[in-house]
Amino acid sequence: MIQAVLFDLDGTLLDRDTSIQQFVAAQYERLITHLNHIPQSDYVSRFIELDCRGHVWKDKVYQKIVTEFEIRRLSWQALLQDYETQFQDYCVPFPSLVEVLSGLKQQGYSLGIVSNGLGTFQTRAIKGLGIQDYFEVILISEIEQMRKPQAEIFHRAAKRLGVTAKNSVFIGDHPEADIMGAKNAEMKAIWKRSSYWQEAKEADAIIDELSEIPSILEQFESNCQPANDAHAPDR
Ligand SMILES: [Mg+2]
């Protein structure tokens, strides 16, 4: 019986690519008096390149931006602070996010987030999406001092929810951190397909949209169909 549903944040609940794109374009506009020697499209595309899909923290990104674009009247620290305080206003959810979360709550599932990242920043992003009240537990790697794919962080999340790992489902976009991590912790794992990775072999099911989650959970509950056939056409 599934009692809890746990989520990754970036690329799973938060459409990070769109959010970053919108934030950086707006940052350029906001600080244009200091940046107007740079074409906006160059500023945006270089940021996205240096960010490496979030794997490079923005202190490094802005140090390079300031040097490469010869920004004189704005420090990298000022740009970083702008990122830390303003990004939350540009957080874009994947479609149906609130409907899915509220539906799962109504069905009685306990909900949680397990995210690799910085505590204050990820907390602000969750608030930016306006979804914090749906979750009974939110674990962020910096605060927990452990990170996915370590099994301990999945176990800790289940324990805080008062459920077992076996009665929990984890949904994420990263094949190793989310899917392998959850499976090693004995949770069921749903891979939210991402164009950045070919596949997540260990996943019990695959989704493209959050709105597919309720029916996948039903399948898990009824246990009448192998998860790999979740997208097989009806015969
Ligand atoms: Mg992710």
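Here, the structure is the one placed above.
None of these values were measured; they are calculated from a predicted model.

A. Structural view of the sheet that holds strand β4 (residues 168–172). One open sheet accounts for 6 strands, arranged β3-β2-β1-β4-β5-β6; its pairing is parallel. Of all strands in the sheet, those with a lone pairing partner are β3 (137–140) and β6 (205–207), marking the two edges. Between one strand axis and the next, the sheet turns through 20° on average, direction left out of account. Bridge count for strand β1 (residues 4–7) against β4 is 4 bridges, and the pairing is parallel. Across the sheet, residue L6 finds its bridge partner in β4, namely F170. Docked against the sheet, helix α7 (residues 119–129) engages β2 (110–115) and β3, running at close to 140° with respect to β3.

B. Quick peek at the coordination of the magnesium ion. Only D8 (OD), D10 (O) and D173 (OD) from the protein reach the magnesium ion as donors, at distances of 2.1 to 2.2 Å. Read N to C, the donor residues that coordinate the magnesium ion are spaced as D-x1-D-x162-D. For D8, a relative accessible area of 6% corresponds to the buried category. Classification of D10 as partly exposed rests on a relative accessible area of 23%.

Scoring rules and cut-offs
- Residues numbered from 1 in each chain as written.
- Predicted model: local features only at pLDDT ≥ 70, side-chain atom pairs only at ≥ 80, totals over all residues.
- Heavy atoms only, no water.
- Pairing = 2+ DSSP bridges.
- Helix = DSSP H or I, 4+ residues; strand = E, 2+ residues; numbered from the N terminus.
- Axes fitted to C-alpha atoms, helices over the stretch in contact; angles between N-to-C directions.
- Contact = heavy atoms within 4.5 Å.
- Donors = N, O, S within 2.8 Å, 3.2 Å for Na, K, Ca; no water.
- Buried < 20%, exposed > 50% of the residue type's maximum accessible area, 1.4 Å probe, protein only.

So far we have only geometry, and geometry alone does not tell us how the molecule works.
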